[in-house]
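Now for the letters of each chain:
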Amino acid sequence: MNGMIEIRFHGRGGQGAVTAARLLAEAAFAEGKYSQALPFFGAERRGAPVLAFTRIDSRPIRIRTQIYEPDYVVVLDPSLLEVVNVASGIKRDGLIVLNSKKNAQFSNAKSAFVDATSIAKEMLGVPITNTAMLGAFAKATKLVSLDSLINVIKGRFFGKLADKNIAAIKAAYEQTKVIT
Amino acid sequence: MKQLVTGDEAAAIAAKLARVKVISAYPITPQTIIVERLAEFVANGELDAEYIKVESEHSALSACLGSAAVGARTFTATSSQGLMLMSEILFVASGMRLPIVMANANRSLSAPLSIWCDQQDSVAVRDCGWIQLYCENNQEVLDSTIQAFRIAEESLLPVMVCFDGYILSHTAEPVEIPEQAEVDKFLPTYKYPYLLDPEKPITMGAVGVPEYYEEFRYMLQEAVLKSKEKIIEVGQAFGRQFGRKSDLIECYRSDDADVILLTMGSLSGSIKEMIDEYRGHGERVGLVKVRAFRPFPAKELVDSLGHAKAVAVLEKDFSPGSTGALFSDLSGAFVNSRESPLLLNFICGLGGRDVSSLQIREATKAAMEAAKTGEVKKTVRWLGLRETMVGLKP
């Protein structure tokens, strides 16, 4: 791994952006890397736009600022594209992973998309897209393996809930399309 | 074993490893996870402790007074308004020399209401007679909490372990969790020398009439000053056993620096990154991090900053009508010194505002300018302030 990788999650309160950032940090940590999951809580309302950040590095991570120039962006809710500039500050050759039925074009970044809302509704019964979007992230970036994500889910959830989330991750992993 | 944990989780794990006997606390954001975890540990039998539920922080700390007085290792946690509600009892705890340990997840104060991070809460009670340690990362939260019990018990003073709300309390990162047997070795069973015991009744916290009160206050002052040695000694002992030592301050690339940044808490990590960048460009910039704010390491700071041309103090608090608290203490430390660096104060990160790399560079640049010209244009500045909103600019 070459230098620190910074990931910004955009979600709405209740969709699990903070948990997604932590699960990703745990998957990277399990693969022997250093990681940091830093949530940015807003007014703690359901539905309000929220941010969460993950840093991954081969060296200990000291910096604690919010992430302004991410390598990757993950968008958990399609409607955020209309209200938030999700591509803000993204590095050249950065990648935006979208929960969307169709692709969106960005002038300054590559993109990948998957219909995570439908997957979450089908597999979990609720439109909580965080785990599905981690599957999409793994597929689009290869930064963590699918197996690491599944192991982290097994450590975090139990029984049927773990199975459902693993199914969501796998489905999203298979269905994600990367546009270059 | 290394685990990915938040600052709150690190504090709870440390209290468990310390085998606390009594926990009394009232939940408040962003500290709540600490007491939730401890309640779980007690409920599932992982921790043999009494968890005393109370209706307020005032009562929580009052319960802690009682349990510490009967010799139980005692822990509490709070933040912000909760610490303010405890303030009356804070002074009682130190006056009665009760070795209580508290975790304070730093959060700003109302009004306006804010649940986010700054250090105004613990800075506001700097005069309460407690030792105050500030943490840079979650490893330090765990290490300092464990050390706090030994410092408290061996100096008979309460200790507050302060760490930035959200930026540490809710951020997950790798933390080395020591073995229980190792912590047991470091923290042997504790015996309070002045037990409150119904068999041998004594009065604690009695009236201090004018003939006596001043002596008691003097003895408290001496005890807190003397705790400097204890903090160093415990930090070294911890280092020998666990490989991570702690001190009153930490100097980072500051020995030959012309410009030194001074701060406390989680900001230190981001500043270290900036320092490395500046060093890469040949600039002689360094950082000194204050771990112990009380007792104030005045001599140590004068010794480690005295050679610099300019010192920039970055802090997440201020005393309205004066300056930042760390800045005023530092200025006091240099009084009667033959030489003092130029001192600049930067108020930043209030109410959860992110202190970005850009802001750290702005402060560094101003200090470099002062070092070059020998002149400070403006002593106190606010980083990230939107000047149009406060009428400074049209």
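Think of each chain on its own: its residues are numbered from 1, step by step along the sequence as written. In the order they appear in the text, chains get letters beginning with A and ligands get numbers beginning with 1. Given that this is a predicted model, residues contribute local features only at a pLDDT of at least 70 and side-chain atom pairs are listed and counted only at 80 or more, while totals for whole chains, interfaces and linings are drawn from all residues. Side-chain metrics in this entry use all non-hydrogen atoms of the structure; hydrogen atoms and water are not considered.

Draft legend 1. Region of the structure containing the overall build of chain B. Scanning chain B from terminus to terminus reveals 12 helices and 15 strands. In terms of overall size, chain B behaves like a compact globule, its C-alpha atoms giving a radius of gyration of 21 Å where 394 residues would be expected to give roughly 21 Å. Sequence-distant contacts, at least 24 apart, represent 81% of the contacts inside chain B between residues at least 6 apart. All accessibility values rest on the Shrake-Rupley procedure with a 1.4 Å probe; residue burial counts only the protein chains present in the view. Surface accessibility of chain B: about 16600 Å² in total, with carbon and sulfur atoms responsible for 53%. The convention is simple: Lys and Arg are positive, Asp and Glu are negative, and His and the chain ends are not counted. Lys charges are placed at NZ, Arg charges at CZ, Asp charges at CG and Glu charges at CD. Where the 41 positive side-chain charges of chain B centre and where its 52 negative ones centre are 4 Å apart. Numbering of helices and strands runs from the N terminus; a helix is a DSSP stretch of H or I covering at least four residues, while a strand is a stretch of E covering at least two. As defined in this context, the radius of gyration uses C-alpha atoms, and a globule is described by 2.2 Å times the residue total to the power 0.38. Note on contacts: a residue pair qualifies if any of its non-hydrogen atoms lie within 4.5 Å across the two residues.

Draft legend 2. Up close: the interface of chain B and chain A. If you look at the interface, chain B gives 29 residues, while chain A gives 20 residues. Buried area: the accessible area, evaluated with a 1.4 Å probe, that two parts lose upon being put together, summed over both parts. Carbon and sulfur atoms make up 54% of the area that chain B and chain A hide from each other, which totals about 2100 Å². Sorting the residues of chain B by area buried against chain A places Leu-4, Glu-273 and Asp-354 of chain B first, and these three jointly supply 26% of that buried surface. Note on definitions: salt bridges are taken to be side-chain nitrogens of Lys or Arg within 4 Å of carboxyl oxygens of Asp or Glu. Our count for the contact surface shared by chain B and chain A stands at 4 salt bridges. Close ionic contact of Arg-22 of chain A with Glu-9 of chain B constitutes a salt bridge, the shortest N to O distance being 3.1 Å. Between N or O atoms, a polar contact is any pair within 3.5 Å; within protein, one atom must be a potential hydrogen donor and the other a potential acceptor, and residues adjacent in sequence are included only when both atoms are from side chains. Along the contact surface separating chain B from chain A lie 11 residue pairs in polar contact (both at pLDDT 80 or more). Contributions of two or more residues to the side of chain B that touches chain A are made by strand 1 (2–5), strand 8 (173–176) and helix 9 (267–280) of chain B. Under the grouping applied here, Gly and all other residues not named as nonpolar or charged are polar, the nonpolar ones being Ala, Val, Leu, Ile, Met, Phe, Trp, Tyr, Cys and Pro and the charged ones Asp, Glu, Lys and Arg. For the side of chain B that touches chain A, the residue count by class is 11 nonpolar, 10 polar and 8 charged.

Draft legend 3. Here's a closer look at the packing of aromatic side chains. Centres within 6.5 Å are what make two rings of Phe, Tyr or Trp a pair, Trp counting through its six-membered ring; a difference in plane orientation under 30 degrees is then read as stacked, over 60 as edge-to-face, and the rest as tilted. Applying the stated criterion to the full structure yields 10 aromatic pairs over all chains. Here Tyr-72 of chain A and Phe-137 of chain A contribute two aromatic rings whose centre-to-centre distance is 5.6 Å and whose plane-to-plane angle is 85°, an arrangement assigned as edge-to-face. Remark: Phe-137 of chain A occurs in helix 4 (residues 130–141) and Tyr-72 of chain A occurs in strand 4 (residues 72–75); sequence separation between them is 65 residues. For every residue, the accessible area (1.4 Å probe, protein chains only) is compared with the maximum for its type, and the residue is labelled buried under 20%, exposed over 50%, or partly exposed between those bounds. Taking the relative accessible area as the measure of exposure, Phe-137 of chain A reaches 0% and is therefore buried. Measuring from ring centre to ring centre gives 6.1 Å for Tyr-192 of chain B and Tyr-194 of chain B, while their planes differ by 85°; the resulting arrangement is edge-to-face.

Draft legend 4. Structural view of the domain arrangement of chain B. Residues and elements named next belong to chain B. As far as domains go, chain B holds domain 1 (2–242) and domain 2 (249–390). On a C-alpha basis, the centroid separation for the pair domain 1 and domain 2 is 28 Å. At the junction of domain 1 with domain 2, the criterion picks out 6 salt bridges. Across the pair Glu-136 and Lys-289 runs a salt bridge whose closest N-O atoms are separated by 2.8 Å. In this structure, the connection of domain 1 to domain 2 is made through 18 residue pairs in polar contact (both at pLDDT 80 or more). Here the residues of the side of domain 1 that touches domain 2 sort into 12 nonpolar, 8 polar and 7 charged. These domain boundaries are the output of an automatic or database domain assignment.

Draft legend 5. Spatial organisation of the side chain of Lys-289 of chain B. All names here are of chain B. Relative to the elements of secondary structure, Lys-289 occurs in strand 11 (residues 285–290). A distance of 2.7 Å separates a polar atom in the side chain of Lys-289 from a polar atom in the side chain of Glu-250. Residues contacting Lys-289, with those up to four places away along its chain left out, are Glu-136, Glu-140, Leu-248, Ile-249, Glu-250, Thr-263, Ser-268 and Lys-272.

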